[in-house]
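What follows is each chain in one-letter form.
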Amino acid sequence: MNTLELASYGPVIPVIVIDRLEDAVPLAEALVAGGVRVLEVTLRTPVALPCMEAIAKAVPEAIVGAGTVRNALDAQAARDAGCHFAVSPGYTPEIGRVCQELGLPLLPGVATGSEVMTAHADGYHFLKFFPATAAGGIPMLKAFAGPFADISFCPTGGITPETAGQFLALPNVKVCGGSWLTPAEVVKARDWATITRLAREASALRP
Ligand code: 3PG
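Quick summary incoming for the structure in this document. Here the structure is a predicted model, which is why all the values come from computation and not from measurement.

Details of the site of the ligand
In the vicinity of the ligand, the contacting residues are V15, R44, F130, T156, G157, G158, G178 and S179. At a separation of 2.6 Å, an oxygen atom of the ligand approaches a polar side-chain atom of R44. Contact distances for the ligand include 2.5 Å between an oxygen atom and a side-chain N or O atom of S179. Protein chains bury 77% of the 310 Å² of accessible surface belonging to the ligand in isolation.

What about the pattern of salt bridges?
A complete count under the given rule lists 7 salt bridges for this structure. With its nearest N and O atoms 2.9 Å apart, the salt bridge here joins R190 to D23. With R190 in the loop between α8 (184–188) and α9 (192–203) and D23 in the loop between β1 (12–16) and α1 (24–33), this pair connects stretches of sequence that are 167 residues apart. Relative accessible area serves as the criterion here: at 39%, R190 is assigned to the partly exposed category.

Re the environment of L170
Relative to the assigned elements, L170 resides in the loop between α7 (161–168) and β9 (176–178). Residue class for L170 comes out buried when judged on its relative accessible area of 9%. Through-space distance from the C-alpha of L170 to that of V17 is 28 Å; in sequence the pair is 153 residues apart. Not counting residues up to four positions away in its chain, the partners in contact with L170 are I138, L141 and K142.

What to know about the packing of aromatic side chains
For the coordinates displayed, the defined rule picks out 4 aromatic pairs. Considering the side-chain rings of F144 and F153, the 5.3 Å spacing of their centres and the 20° angle between planes classify their relative orientation as stacked. F153 shares its class with F144; the two are buried. Grouping aromatic residues by their ring pairs yields a cluster made of F129, F144, F148 and F153.

Some details on the sheet that holds strand β5 (residues 106–107)
Strand order in this open sheet of 6 strands is β5-β4-β3-β2-β1-β9, and the pairing throughout is parallel. Strands with a single pairing partner mark the edges of an open sheet, and in this sheet they are β5 and β9. Contacts from helix α2 (residues 48–58) reach β2 (38–42) and β3 (63–67), with the element oriented near 160° to β2.

Calculation notes
- Residues numbered from 1 in each chain as written.
- Predicted model: local features only at pLDDT ≥ 70, side-chain atom pairs only at ≥ 80, totals over all residues.
- Heavy atoms only, no water.
- Near = heavy atom within 4 Å.
- Polar contact = N/O pair within 3.5 Å; in protein donor to acceptor, adjacent residues only side chain to side chain.
- Areas by Shrake-Rupley, 256 points an atom, 1.4 Å probe, with all protein chains shown as cover.
- Salt bridge = Lys/Arg side-chain N within 4 Å of Asp/Glu carboxyl O.
- Helix = DSSP H or I, 4+ residues; strand = E, 2+ residues; numbered from the N terminus.
- Buried < 20%, exposed > 50% of the residue type's maximum accessible area, 1.4 Å probe, protein only.
- Contact = heavy atoms within 4.5 Å.
- Phe/Tyr/Trp six-rings, centres within 6.5 Å; stacked < 30°, edge-to-face > 60°.
- Pairing = 2+ DSSP bridges.
- Axes fitted to C-alpha atoms, helices over the stretch in contact; angles between N-to-C directions.

Put into structure tokens, the structure is as follows:
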């Protein structure tokens, strides 16, 4: 898979933290019901890998990927769990090489021109701009468009339903990432109807 394909399913990729394995499938189903199919499940909880595995098996409409992939072991584990892609918060040549060896499409994180150049030199043309708001937000993405006209971005970090539209209007932004579709308290309450509503609203950000 070319990671740019991920942007073709909708305007927002939810960045998901799951604490209870039993929440994984209903949460994924709730997002899919709201029109959100690309799901980034972060490797931040002890159950993250079994959650990815469960979603990959039980929710065929979902395109599940692993977020917070920081090293070779993370990438290997994500691939073994059935993930379709990986997202890293930063970029190292090691993570770039390992994902290529594993055949695991990677959306690598960058925040500076040097990181863009390093990831691009290793063959990555679609990059996660992280942490988007803290690292310069929309002005930074506009500035990147000059020297990096052939590179597109998935800004993530600090984006809200109110600001997402402004990011998505930039020509070099293909999709946004954010945790607002799966608020911790809503997941804790197993309020899947609210998750579906948030997903539907996010899907409508770009008709
Ligand atoms: C993350 O990795 O936590 C994402 O960037 C999500 O950021 P957000 O919570 O600000 O949307």
